[in-house]
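One-letter residues, chain by chain:
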Amino acid sequence: MQRLFPENCGVLLSLVKDLSNVIGEEAFTLVLFGSSVDKGCRKDSDIDLLLLVYDNVLNGRGESLLKGVSEVVKRYEAIGYRLSLNLLALSDFIRKLVQGDSFAIRIVKSGYAVTGVNLFSSIRSFVERSPIPLDKEYLAKTIVSLVDDASAILEASKRDLFVVCGHLKTAVGYLLTLMTGIDDPEKAIDKADGKIGEIYLTLKDYCKRALKGELPPAALDEVLRRTRESVQTVEKLV
């Protein structure tokens, strides 16, 4: 059953309308997760959102759709909302669940579907029926893959900074999970190596700045280098 709409989150109804104009009605699911589910969508805190777009829509209009979504987010940030929006193809998100991605599983278990309620309910039922154990070997391989992909993207195109940031932030989040056994990066920071926690917090800030178009490409080179050094121990596991 869909839970009550979180306090002070009426802005999301407007956001859904604007995203529909870019993506198309009933072509996506918007999920609220993180502290906003309990505390509401306050302007003084991040509003964590997962945007799941149907594959046929995303594949057909990839670059223009991403640009359109980015422009929508910028408009809301211009009036004071701090949106942290993660965009994924629906099949990619399902794949993450099947492979045991702890972050994806946590979103499904605790998130709130703003739109696409029926689809999200089906996904939640799947997760609840099929508990997936945390696979450390899979996480280790994923970390290495994400960092390699981020490096390749940064090398090939300086336009995709937000994608690079997202890859690196996820990789470091996984690294924190491996180091502490805690699948919430924010909670794992206190029990992990200080340098890893520092990189994760830096990447969070870079993700926000990249989405706003404020981040110069060269700024990520150093973070990428530090991240690669951090995963060298992980590479020995695979």
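Along every chain, residues carry numbers that run from 1 in the direction the sequence is written. Whole-chain, interface and lining totals are the exception, using all residues; otherwise, since this is a predicted model, local features are given only for residues with pLDDT of at least 70 and side-chain atom pairs are given and counted only at 80 or more. The basis for every side-chain value is the complete set of non-hydrogen atoms in the structure, without hydrogens or water.

Asker: How do you make sense of the pattern of salt bridges when you look at a structure like this?
Answerer: Pairs may arise between side chains of opposite charge once their charged atoms sit close together. When a carboxyl oxygen of Asp or Glu is within 4 Å of a side-chain nitrogen of Lys or Arg, the pair counts as a salt bridge. In total, this model carries three salt bridges according to the counting rule given. In this structure, Lys-74 engages Glu-71 in a salt bridge whose closest nitrogen and oxygen atoms are separated by 3.8 Å. With Lys-74 and Glu-71 both in helix H4 (residues 62-78) and three residues apart, the pair spans about one turn of that helix. Numbering of helices and strands runs from the N terminus; a helix is a DSSP stretch of H or I covering at least four residues, while a strand is a stretch of E covering at least two.

Asker: Would you mind going over the confidence of the model for the protein with me for this structure?
Answerer: Detailed reading of the predicted model is not advised wherever pLDDT is low. This prediction gives the protein a mean pLDDT of 79; 86% of its residues lie at or above 70. You can read pLDDT as the predictor saying how much it trusts each residue, on a scale of 0 to 100. The lowest-confidence element of the protein is helix H13 (residues 232-235), averaging 64 in pLDDT; the highest-confidence one is helix H1 (residues 11-23), averaging 93.

Asker: I'm lost on the packing of aromatic side chains in this one. Help?
Answerer: Two rings from Phe, Tyr or Trp (for Trp, the six-membered ring) form a pair when their centres are within 6.5 Å of each other. A pair whose planes differ by under 30 degrees is stacked, one over 60 is edge-to-face, and the rest are tilted. By the definition in use, this model includes one aromatic pair. Between Phe-33 and Phe-103, the ring centres sit 5.8 Å apart and the planes meet at 80°, which makes this aromatic pair edge-to-face. Taken together, the residues span a long stretch of sequence, with Phe-33 in strand E1 (residues 28-33) and Phe-103 in helix H6 (residues 102-110) at a distance of 70 residues. Residue class for Phe-33 comes out buried when judged on its relative accessible area of 7%. Throughout this description, buried means an accessible area under 20% of the type-specific maximum (1.4 Å probe, protein chains only), exposed means over 50%, and partly exposed covers the range between.

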